[in-house]
Amino acid sequence: MDDHIRLDPTKQPTTENLARAIYVVNRHAKTAPNPKFLYGLKKKALIKLVHEGKAKKEGLHFSNNPKYSKQQSDVLVSAGEYFFHMPPTKDDFDQLPHLGSLNQTYRNPKTHMSLSKAKILLQNYVGMKEDKLPPNSFQSKKTRTYEKPVFKRLGESYR
């Protein structure tokens, strides 16, 4: 069984496999029930790749969807043949060039990796674990118990 895991190219944490996994996680995070975890996983993996020298911060881009309708910039990070955006730090504004608006013609290459494999690969690389139930799930709101209605005679107060 270990041979199967060892020979599976998606299980090895190479720069290209990690970039593919980040791409898959980022693509699924937009519609996920727990996007906060997936975006956090993406951010931690990109930061670790940059610190190890496997990815490079290219510059700053104006954000397509700025908060509160104000101008906002994101850091463009290249890893393998993929490009990603992540929130900037204060040092990024001093050290990186501003590239202007986002180029809408460029697209990352398509990849075929399941979300579960991508999450496992990134979780092993970063060392981050996912909570099974998100804190604001609909199940936690169902703790109400049924209360019988109280019927009063006509004219009596409900208090």
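Refer to the structure printed above.
These remarks concern the structure in this document.

Quick notes on the rules
Residues numbered from 1 in each chain as written. Predicted model: local features only at pLDDT ≥ 70, side-chain atom pairs only at ≥ 80, totals over all residues. Heavy atoms only, no water. Helix = DSSP H or I, 4+ residues; strand = E, 2+ residues; numbered from the N terminus. Buried < 20%, exposed > 50% of the residue type's maximum accessible area, 1.4 Å probe, protein only. Lys, Arg positive; Asp, Glu negative; His and termini not counted. Salt bridge = Lys/Arg side-chain N within 4 Å of Asp/Glu carboxyl O. Polar contact = N/O pair within 3.5 Å; in protein donor to acceptor, adjacent residues only side chain to side chain. Contact = heavy atoms within 4.5 Å. 1 Å grid on protein atoms, 1.4 Å probe; cavity = no way out; pocket = protein on both sides within 12 Å on 5 of 7 lines; lining within 4 Å. Points joined across faces, edges and corners; volume = space filled by probe spheres on them. Nonpolar A, V, L, I, M, F, W, Y, C, P; charged D, E, K, R; others polar. Pairing = 2+ DSSP bridges. Axes fitted to C-alpha atoms, helices over the stretch in contact; angles between N-to-C directions.

**Brief notes about the side chain of K42**
Part 1: Tracing the sequence through the fold places K42 in helix α3 (residues 35-52).
Part 2: Of the side chains with opposite charge, D74 comes closest to the buried, unpaired K42, at an N-O distance of 8.2 Å.
Part 3: Among the polar contacts made by the side chain of K42, one reaches the side chain of N26 at a distance of 3.4 Å.
Part 4: Non-local contacts of K42, meaning those with residues more than four positions away in its chain, are made with I22, N26, F84 and H85.

**A few points about the layout of surface pockets**
Part 1: When its volume is computed, the largest pocket comes out at roughly 1200 Å³.
Part 2: At the level of elements, α2 (15-29), α3, β1 (55-62), β2 (73-79) and β3 (82-86) are the ones that each hand at least two residues to the lining of the largest pocket.
Part 3: Sort the elements by how many residues they give to the lining of the largest pocket and β3 lands first, with four residues.
Part 4: Split by residue class, the lining of the largest pocket holds eleven nonpolar, eleven polar and eight charged.

**Quick look at the pairing of β3**
Part 1: On β3, burial follows the alternation: Y82, F84 and M86 on one face are buried, whereas F83 and H85 on the facing-out side are not.
Part 2: In this antiparallel pair of consecutive strands, β2 and β3, the connection spans two residues, and G80 shows a positive phi of 65 degrees.

**A word on the sheet that holds β3**
Pairing between the strands of a sheet comes from backbone hydrogen bonds, and it takes one of two forms, parallel or antiparallel.
Part 1: The three strands are arranged β1-β2-β3 in an open sheet whose pairing can be described as antiparallel. Of all the strands in the sheet, just β1 and β3 have a single pairing partner and so form its edges. Recorded for the sheet is a direction-independent mean angle of 30 degrees between the axes of neighbouring strands.
Part 2: Note that β2 and β3 share five bridges and pair antiparallel. Within β3, the position partnered with A79 by the bridge is Y82.
Part 3: Its contacts with the sheet put α2 on β2 and β3, and the angle it makes with β3 is roughly 55 degrees.
Part 4: Each of β1, β2 and β3 touches α3; the most contacted strand, β3, lies at about 115 degrees to it.

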